[in-house]
Amino acid sequence: MNTKQKLSLILNLLIFVLAAFSAVAMFVGFSFMGESSRFTAIGFEEFKYFTVDSNVFAGLVSLLIVLRILCKKETKSPLWLSVLKLAATTAVTLTMMVTVFFLAPTSSGGYFSLFLNSNLFMHLIIPLLCIVSFVFFEPCNIPFKLTATAAVPMLLYAVYYGGNILLHLENGQTSSKYDWYGFLGGGMQTFPVVIIGIALLTWGFALALWKANRIANK
C-alpha cells in the first residue's frame, strides 16, 4: 500500500466514522458543545435535513472506498465509485457553502450556532475532509458528461422538500415550519427558479471538484 492509498484510507475511514457518530449523536439527542436547536432533530426526523442525508451518503461512499482499498489494494476507484464519490463530495460541499454563506449569517442564534455538536462535523469538518480526499488522493477519470449526475442527490431532495411544503400550504402561503431552509419565502411560484439556481450551483461545485481532481492527479 503506497502513501496515497494510506492517506485515502485514513481520510475515508475518518469520514465514515465522523458521519456515523454525527448521525447517531443527533438521532439520540447527544450534545457535547452546549445546546443547539437550529437544524437538528431527534430520531428519524433528522433525515428531513439535506445536511444529514448528504453526510450519511458521504459516509457510506467512503466506507465503500475503504473496503475497496483494503480488499483490492488499488488507489484508483472504478468509474461507478468515482461518480458516487463526486456526487457525495458535491452534496456535502453544497451543504457547507449554503451554511457558511446563507444559513449561518441569517441565523437568529448567531453565526456559530450552526456549528455546534453534530453540525460542527456535518456543516464543516466532514465536507472539508471529503474535498481533500477526493481532490488529492482519489485519482479518477470521470467523463465530463457524467459530472451532471452529481446534482442528482440535491434534485431528489428538492422533490421531497418542495412536495412537503406544497402539502402543508397555509392559505396558499408557505409555512416556515416546513420551509425550514427559507428558500421559498417568496412563495411556491419561486420554486422552479430556486431549483434551477441551486441545481446550477451544485453542478458548478461538481465541475470545480472534477477539475481540481484532474489537476491534482495529472
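Residues numbered from 1 in each chain as written. Predicted model: local features only at pLDDT ≥ 70, side-chain atom pairs only at ≥ 80, totals over all residues. Heavy atoms only, no water.

Considering empty space enclosed by the protein
Quick reminder of the rule: Using only the protein atoms, space was sampled on a 1 Å grid; points where a 1.4 Å probe fits but cannot get out form cavities, open sets with protein on both sides within 12 Å along at least five of seven lines form pockets, and lining residues are those with an atom within 4 Å of a point. Grid points are joined across faces, edges and corners, and a volume is the space filled by probe spheres set on the points. In DSSP terms, a helix is any run of H or I states spanning at least four residues, a strand is any run of E spanning at least two, and both are numbered starting from the N terminus. Charged residues are taken to be Asp, Glu, Lys and Arg, nonpolar residues to be Ala, Val, Leu, Ile, Met, Phe, Trp, Tyr, Cys and Pro, and polar residues to be all remaining types, Gly included.
Evaluated as defined, the whole model comprises two cavities of 30 Å³ or more. The computed volume of the largest cavity comes to approximately 250 Å³. Together, 19 residues line the largest cavity, and Phe50, Tyr157, Tyr181, Phe183 and Ile198 are the ones closest to its centre. Residue assignment for the lining of the largest cavity shows that the elements contributing at least two residues are helix H2 (50–72), helix H3 (79–103), helix H5 (152–167) and helix H6 (191–216). Ranked by residues supplied to the lining of the largest cavity, first place goes to H3 with five residues. Here the lining of the largest cavity is built from residues that sort into 15 nonpolar, four polar and no charged. For the second largest cavity, the calculated volume is near 30 Å³.

Here's the deal with the environment of Cys140
What counts is decided by this rule: Any pair of residues with heavy atoms lying within 4.5 Å of one another is described as a contacting pair.
Here Cys140 shows up in the loop between helix H4 (118–137) and H5. Here the alpha-carbon distance between Cys140 and Ser175, two residues 35 residues apart in the chain, equals 43 Å. If sequence neighbours within four positions are ignored, Cys140 has contacts with Lys76, Ser82, Phe134 and Asn213.

Side note on the state of the cysteines
What we call a disulfide is simply a covalent bond connecting the sulfur atoms of a pair of cysteines. Using the following cut-off: For the purposes of this analysis, a disulfide is any pair of cysteine sulfur atoms at a distance within 2.5 Å.
Tallied over the full model, the rule gives zero disulfides. Cys130 forms no disulfide, and the closest cysteine sulfur to it belongs to Cys140, at a distance of 14 Å.

Topic: the environment of Ser133
As a reminder of what qualifies: Only protein chains enter the area calculation, which uses a 1.4 Å probe; residues under 20% of their type maximum are buried, those over 50% are exposed, and those in between are partly exposed.
Looking at the secondary structure, you find Ser133 in helix H4. Residue classification places Ser133 among the buried positions, given a relative accessible area of 0%. C-alpha of Ser133 to C-alpha of Asn213: the two residues are 80 residues apart in sequence and 9.7 Å apart in space. When residues no more than four places from it in sequence are discounted, the contact partners of Ser133 are Leu11, Asn12, Ile15, Lys85 and Glu138.

Comments concerning H5
Quick note on the threshold: The span expected for a helix works out to 1.5 Å for each residue beyond the first. In this description, the arc belongs to the directions extending from the helix axis to the C-beta atoms.
In this model H5 runs 23 Å from its N-terminal to its C-terminal C-alpha over 16 residues, within 8% of the 22 Å that 1.5 Å per residue would give. Where H5 is concerned, the buried positions are Met154, Tyr157, Ala158, Tyr161, Gly162, Asn164 and Ile165. Projected onto a plane normal to the axis of H5, the buried residues spread over an arc of 155° and lie on a single side. Those residues of H5 that are exposed and aimed more than 90 degrees away from the buried face are Leu156, Val159 and Leu167. Buried-residue contacts for H5 involve H2, H3 and H6.

Things to note about the packing of aromatic side chains
As a reminder of what qualifies: Pairing of aromatic rings covers Phe, Tyr and Trp, the last counted by its six-membered ring, and requires centre-to-centre distances within 6.5 Å; plane angles under 30 degrees mean stacked, over 60 mean edge-to-face, and any other angle means tilted.
According to the stated counting rule, one finds 26 aromatic pairs in the structure shown. Here the aromatic rings of Phe32 and Phe121 are separated by 6.0 Å at their centres, their planes lie at 40°, and the arrangement is tilted. Remark: Phe121 occurs in helix H4 and Phe32 occurs in the loop between helix H1 (3–28) and H2; sequence separation between them is 89 residues. Ring plane angle 40° and centroid distance 6.4 Å describe the contact between Tyr160 and Trp180, whose orientation is recorded as tilted. Of the two residues, Tyr160 sits in helix H5 while Trp180 sits in the loop between H5 and H6, which places them 20 residues apart along the sequence. Grouped by ring-pair contacts, the aromatic residues Phe39, Tyr49, Phe50, Phe102, Tyr157, Tyr160, Tyr161, Trp180, Tyr181 and Phe183 constitute a single cluster.

Digging into the packing of H1 against H2
Going by this rule: Only C-alpha atoms enter the line fits that serve as axes; for helices the fit covers just the stretch in contact. Angles between N-to-C directions range over 0 to 180 degrees. Put simply, a crossing is left-handed when the front helix is turned counterclockwise from the back one by less than a right angle, and right-handed when it is turned clockwise.
H2 packs onto H1 with a crossing angle of 145° between their chain directions and a minimal axis gap of 8 Å. Seen from above, H1 lies across H2 with left-handed handedness. Touching Gln5, Ser8, Leu9, Asn12, Leu13, Ile15, Phe16, Ala19, Ala23 and Met26 of H1 are Val52, Asn55, Val56, Ala58, Gly59, Ser62, Leu63, Ile65, Val66, Ile69 and Leu70, all from H2.

Concerning the side chain of Asn119
Our working definition: Two N or O atoms count as a polar contact when they lie within 3.5 Å, although within protein this holds only if one can serve as hydrogen donor and the other as acceptor, and sequence-adjacent residues are included solely when both atoms are side-chain atoms.
With respect to the helices, strands and loops of the structure, Asn119 is situated in helix H4. A distance of 3.3 Å separates a polar atom in the side chain of Asn119 from the backbone oxygen of Phe39. In this structure Asn119 touches Met26, Arg38, Phe39, Thr51, Leu114 and Leu124, once residues within four positions along its chain are discounted.

Overview of the nonpolar core
Note the cut-off: Among buried residues, the Ala, Val, Leu, Ile, Met, Phe, Trp, Tyr and Cys ones that are joined through side-chain atoms within 4.5 Å form a nonpolar core.
Membership of the largest hydrophobic core comes to 31 residues, with the highest contact counts inside it found for Tyr49, Phe50, Leu94, Met154 and Tyr181. Taken together, the elements giving at least two residues each to this core come down to H1, H2, H3, H5 and H6. It is H3 that contributes the most residues to this core, six residues altogether. Leaving out residues up to four positions away in the same chain, Tyr49 has contacts with Phe39, Thr40, Ala41, Tyr157, Trp180 and Tyr181. Counting residues in hydrophobic clusters, the runner-up holds 18 residues, among them Val61, Phe121, Cys130 and Phe137.

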